[in-house]
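Each chain is listed here by its residues.
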Amino acid sequence: MAQNTEELNTTEELSSYTSETPDAATETATTERPALTVPGAAVGRRKEAIARVRIFPGTGKWTINGRDLSNYFPNKLHQQEVNDPFRILDLDGAYDVIARISGGGPSGQAGALRLGIARSLNEIDRDNNRPTLKKAGFLTRDARIIERKKAGLKKARKAPQYSKR
């Protein structure tokens, strides 16, 4: 009886957090990935930043505008954000990254680079990589940009101070 309630509890926990059945969860864990021999390239954009990204099978070396990752992005949060697509697919150190980034600031450039890496990984192996990247939100372009300045206003929405007399 105790064993039946344990089995019931595990299936209830699984069903309350995911829509997958227990059989499907074990199936995906046992399938093997294909060999990492294909390069990929893509463009990522965020705010005013544009990142042209090429990835090659290698040792995990980063080259961004001729500099390495820790030199170009000294902020650990930006380094982690850029590495997220590799980490979520368990491909840490499997690819070398060469990127050219222009425009924007550090945060926009990190977001653009992350999108470019995710798109290039998606291009390499759509069947296995796309669902994971899509679910994590890495294939979505963040469309928020700076609003343009309107005539007669100081900034996009800030009006000059009103004076009655």
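The rules behind each value
Residue positions are given per chain, counted from 1 along the sequence in the order it is written. Under the rules for a predicted model, residues below a pLDDT of 70 receive no local features and side-chain atom pairs below 80 are neither given nor counted, while totals for whole chains, interfaces and linings still include all residues. Water and hydrogen atoms play no part in the side-chain values, which are based on all heavy atoms of the structure. Only DSSP runs of H or I with at least four residues qualify as helices, and only runs of E with at least two residues qualify as strands; both kinds are numbered from the N terminus onward. Remark: exposure states derive from per-residue accessible area (1.4 Å probe, protein chains only) relative to the maximum for the residue type, with buried under 20%, exposed over 50%, and partly exposed in between. By definition in these notes, contact holds between two residues if any of their heavy atoms fall within 4.5 Å. Under the convention used here, a 1.4 Å probe and the Shrake-Rupley method define accessible areas, while residue burial counts only the protein chains that appear. Put simply, a nonpolar core is a bunch of buried Ala, Val, Leu, Ile, Met, Phe, Trp, Tyr and Cys residues held in one set by side-chain atoms that sit within 4.5 Å of each other. Classification of ring pairs uses Phe, Tyr and Trp, with its six-membered ring standing for Trp, and accepts pairs whose centres are within 6.5 Å; under 30 degrees between planes counts as stacked, over 60 as edge-to-face, and the remaining range as tilted. Take the residue count of a helix, subtract one, and multiply by 1.5 Å to get its expected span. A fitted line through C-alpha atoms serves as each axis, taken over the contacting stretch for helices, and the angle formed by two N-to-C directions is quoted from 0 to 180°. Residues are grouped as follows: Ala, Val, Leu, Ile, Met, Phe, Trp, Tyr, Cys and Pro are nonpolar; Asp, Glu, Lys and Arg are charged; every other residue, Gly included, is polar. One requirement defines pairing of two strands: DSSP has to find at least two bridges between them.

Looking at the overall build of the protein chain
Scanning the protein chain from terminus to terminus reveals six helices and four strands. For the protein chain, the sequential pattern of α-helices and β-strands runs α-α-β-β-β-α-α-β-α-α. Split into buried and exposed, the 165 residues of the protein chain put 29% on the buried side. Taking as baseline every contact in the protein chain between residues at least 6 positions apart, the subset at least 24 positions apart corresponds to 69%. Split by element, the accessible area of the protein chain, about 11500 Å² in all, is 51% carbon and sulfur.

Observations concerning the nonpolar core
Side chains of a nonpolar character, in soluble globular proteins, are inclined to be buried together. If you look at the biggest cluster of nonpolar residues, it comprises 28 residues, and the most contacted ones within it are Trp-62, Ile-64, Phe-73, Phe-86, Leu-113, Ile-117 and Leu-121. If you list the elements that add at least two residues to this core, you get strand S2 (49-57), strand S3 (62-64), helix H3 (69-72), helix H4 (76-88), strand S4 (95-102) and helix H5 (106-124). Not counting the four nearest positions on each side in its chain, Trp-62 is found in contact with Arg-67, Asp-68, Leu-69, Val-82, Asn-83, Phe-86, Val-97, Leu-113 and Ile-117.

Quick word on unusual backbone geometry
For Lys-47, which is not a glycine, the phi torsion comes out positive at approximately 50 degrees. With respect to the secondary-structure elements, Lys-47 resides in the loop between strand S1 (40-46) and S2. Phi is positive for Asp-90, close to 55 degrees, though the residue is something other than glycine. Relative to the elements of secondary structure, Asp-90 occurs in the loop between H4 and S4.

A word on the packing of aromatic side chains
Under the criterion given, the structure shown has three aromatic pairs. Pairing Tyr-72 with Phe-73 gives two aromatic rings, centres 5.0 Å apart and planes at 85 degrees, and the pair type is edge-to-face. Here Tyr-72 matches Phe-73 in class, with each residue buried. Between Phe-86 and Tyr-95 the ring centres are 6.3 Å apart and the planes differ by 20 degrees, which places this aromatic pair in the stacked class. Both residues of the pair, Phe-86 and Tyr-95, belong to the buried class. Among the aromatic residues, ring-to-ring pairing joins Trp-62, Phe-86 and Tyr-95 into one connected group.

Concerning H5
Under the 1.5 Å per step criterion, the end-to-end length of H5 is 27 Å for 19 residues, consistent within 8% with the ideal 27 Å. Burial runs high along H5: 14 of the 19 residues are buried.

Overview of the packing of H5 against helix H6 (residues 126-136)
The packing of two helices is summarised by the inter-axis angle and the distance between the axes. Orientation of H5 relative to H6, taken along the N-to-C sense of each, is 145 degrees, at an axis distance of 6 Å. On H6, the residues that touch Ala-118, Leu-121, Asn-122 and Ile-124 of H5 are Arg-126, Asn-129, Arg-130 and Leu-133. Of the residues assigned to the contact of H5 with H6, the class counts are four nonpolar, two polar and two charged.

Structural notes on the pairing of S1
Residue alternation in S1 divides its side chains into a buried set, Gly-40, Ala-42, Gly-44 and Arg-46, and an unburied set, Ala-41, Val-43 and Arg-45. As judged from the seven bridges shared by S1 and S2, these two strands associate in the antiparallel manner. In the strand pairing of S2, Arg-46 is matched with Ala-49.

Description of the environment of Lys-134
Note that Lys-134 resides in helix H6. Through-space distance from the C-alpha of Lys-134 to that of Asn-122 is 9.4 Å; in sequence the pair is twelve residues apart.

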